[in-house]
Amino acid sequence: MKTLLRYRLVDNLKSLDILMVVLIAIPALLSVFAGSSEMNGMTTMVGSVWALVLGIVVLRGDLRLGNQFGVSRRSAFWASVLACTAAFAVGAAVLTAYTWLLQILTNGNVDRLAVMDIYQVLYSTS
């Protein structure tokens, strides 16, 4: 179970790395080519979709991989759930820190760049 847990966690964190590269590259490319880069709620939505897809896709493969490692189905299931939960917690922290960093860097000084969390877009008073 420990091997499967470590494998799943490392694999999920690799996908989080790719997600962060894309989230950094898209606004940079939009600002270079289009002159604007709206990011209203983009990090939260992308993080939610990442978590949903990862949670749906990995379980079946983990059960089969656990079978090859000689791990019971129950242990493989709980290893996958625990690894995904840990990866989602790390992803939420990283995406929140990234949104916070972008909000500090822009600080309202840039006209065409608006960095807001989805909750700020939906529930802002202004």
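Residues numbered from 1 in each chain as written. Predicted model: local features only at pLDDT ≥ 70, side-chain atom pairs only at ≥ 80, totals over all residues. Heavy atoms only, no water.

## What to know about the pattern of salt bridges
On inspection of all chains with the given rule, the structure shows two salt bridges. The closest approach of N and O atoms between D11 and R8, which form a salt bridge, is 2.8 Å. Placement of both D11 and R8 in helix 1 (residues 2-33) is noted, with a separation of three residues, approximately one turn of the helix. Residue classification places D11 among the partly exposed residues on the basis of a relative accessible area of 31%. Residue R8 is classed as buried on the basis of its relative accessible area, which comes to 5%. Notably, a salt bridge pairs D62 with R8, separated by 2.8 Å at the nearest N-O pair. Pair noted here: D62 is in helix 2 (residues 42-69) and R8 is in helix 1, with a separation of 54 residues, a long-range link. Residues participating in the shared-partner salt-bridge network are R8, D11 and D62. (Salt bridge = Lys/Arg side-chain N within 4 Å of Asp/Glu carboxyl O. Helix = DSSP H or I, 4+ residues; strand = E, 2+ residues; numbered from the N terminus. Buried < 20%, exposed > 50% of the residue type's maximum accessible area, 1.4 Å probe, protein only.)

## A closer look at the packing of aromatic side chains
Applying the stated criterion across every chain, the model contains two aromatic pairs. A centroid spacing of 5.6 Å and a plane angle of 80° characterise the contact between W50 and F88, whose relative ring orientation is edge-to-face. Linking W50 in helix 2 with F88 in helix 3 (residues 73-106), this pair joins segments that are 38 residues apart in sequence. We classify F88 as partly exposed; its relative accessible area is 24%. Here the aromatic rings of F77 and W78 are separated by 5.1 Å at their centres, their planes lie at 75°, and the arrangement is edge-to-face. (Phe/Tyr/Trp six-rings, centres within 6.5 Å; stacked < 30°, edge-to-face > 60°.)

## As for helix 2
Over its 28 residues, helix 2 extends 38 Å from the first C-alpha to the last, a length consistent with the 40 Å expected when each residue adds 1.5 Å. By the largest-angle criterion, V58 marks the main kink of helix 2, which is about 35°. Within helix 2, the full set of buried residues consists of M42, T43, T44, G47, W50, L54, V58, D62, L63, L65 and G66. Just past helix 2, the residue G70 takes up positive phi, approximately 80°. (Expected span 1.5 Å × (residues − 1). Bend = angle between axes of the 7 residues up to and from the residue.)

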